Amino acid sequence: ICSMKNFQLVKILFFLLLMVSLNTQTTNATTVEERPAYINGGDDGLLRDLYCYLSTVSLSQSDSIKGKCIFTFAISKNGIIDVETIKLARKTTLPDEYVNAAKEAVKHLGKFKPGKMNGIPKKVWYNLPIIYPIPLDKIITSE
């Protein structure tokens, strides 16, 4: 009987610790009530700036390359991309030169309105997929 009570007590403590651990992780600058927003036009502006930069980079065979890469990076509580945190999260069959160009494009993005938790700006992790070929509807052309 004594060992059964101890087992139940250990089980309860384990679940309490697990719950505390999960709460700590989800509030540690990744889960926010208000997500970051790109100042220069929101999501559409972000894609426009990203793909306009990529269109200026001369890449060979750009029309025939198809694929996607996803970058993850931190947006500081000041709304600036921390370039030291930019990491390739996933790549398909893209050549390295296209992945490197995409990383450079992320580095050149502008400022964000920071993510907030309880009204306080927080560091937030952001995932950004980049596809090739460059979507022509995202590029501003001069007429």
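Anything mentioned here points back to the structure above.
A brief structural summary. (Residues numbered from 1 in each chain as written. Predicted model: local features only at pLDDT ≥ 70, side-chain atom pairs only at ≥ 80, totals over all residues. Heavy atoms only, no water.)

**A look at the overall build of the protein chain**
Stage number 1. Looking only at helices and strands, the protein chain features 3 helices and 7 strands.
Stage number 2. Along the protein chain, from the amino end to the carboxyl end, the secondary structure elements read α-β-α-β-β-α-β-β-β-β.
Stage number 3. For the protein chain, with 143 residues in total, the buried portion stands at 29%.
Stage number 4. Here the protein chain displays about 9500 Å² of accessible surface, and carbon together with sulfur accounts for 58% of that area. (Helix = DSSP H or I, 4+ residues; strand = E, 2+ residues; numbered from the N terminus. Buried < 20%, exposed > 50% of the residue type's maximum accessible area, 1.4 Å probe, protein only. Areas by Shrake-Rupley, 256 points an atom, 1.4 Å probe, with all protein chains shown as cover.)

**Digging into the packing of aromatic side chains**
Stage number 1. For the coordinates displayed, the defined rule picks out 4 aromatic pairs.
Stage number 2. Taken together, a centroid distance of 5.0 Å and an interplanar angle of 85° make the contact between Tyr98 and Tyr132 edge-to-face. Residue Tyr98 is located in helix H3 (residues 96-107), and its partner Tyr132 is located in strand S7 (residues 124-132); the two are separated by 34 residues in the primary sequence.
Stage number 3. A relative accessible area of 1% means that Tyr98 is categorised as buried. (Phe/Tyr/Trp six-rings, centres within 6.5 Å; stacked < 30°, edge-to-face > 60°.)

**Focus: the pattern of salt bridges**
Stage number 1. Enumeration over the complete set of coordinates arrives at 5 salt bridges.
Stage number 2. Where Lys91 meets Asp96, a salt bridge forms, and the shortest distance between an N and an O atom there is 2.7 Å. (Salt bridge = Lys/Arg side-chain N within 4 Å of Asp/Glu carboxyl O.)

**Topic: the nonpolar core**
Stage number 1. In this structure, Val106, Leu128, Ile130 and Tyr132 are the most contacted members of the largest nonpolar core, which totals 26 residues.
Stage number 2. Elements that contribute at least two residues to this core include exactly helix H2 (42-56), strand S2 (67-75), strand S3 (81-91), H3 and S7.
Stage number 3. Considering every element that reaches this core, the biggest residue donor is H3, with 6 residues. (Core = buried A, V, L, I, M, F, W, Y, C linked by side-chain atoms within 4.5 Å.)

**Topic: H3**
Stage number 1. End to end, H3 covers 17 Å across 12 residues, agreeing with the expected 16 Å (1.5 Å per residue, within 8%).
Stage number 2. Those residues of H3 that fall on the buried side of the exposure criterion are Tyr98, Val99, Ala101, Ala102, Ala105 and Val106. Buried positions in H3, seen along its axis, are confined to an arc of 160° and lie on one side of it.
Stage number 3. Contacts from the buried residues of H3 go to H2, S2, S3 and S7. (Expected span 1.5 Å × (residues − 1). Arc of directions from axis to C-beta. Contact = heavy atoms within 4.5 Å.)

**Examining the pairing of S7**
Stage number 1. Alternating positions in S7 separate cleanly, Val124, Tyr126, Leu128, Ile130 and Tyr132 being buried on one face and Trp125, Asn127, Pro129 and Ile131 remaining unburied on the opposite face.
Stage number 2. By the bridge criterion, 9 bridges tie S2 to S7 in an arrangement that is antiparallel. Bridge pairing links Cys69 to Ile130 in S7. (Pairing = 2+ DSSP bridges.)

Any functional reading would require information beyond the geometric quantities listed.
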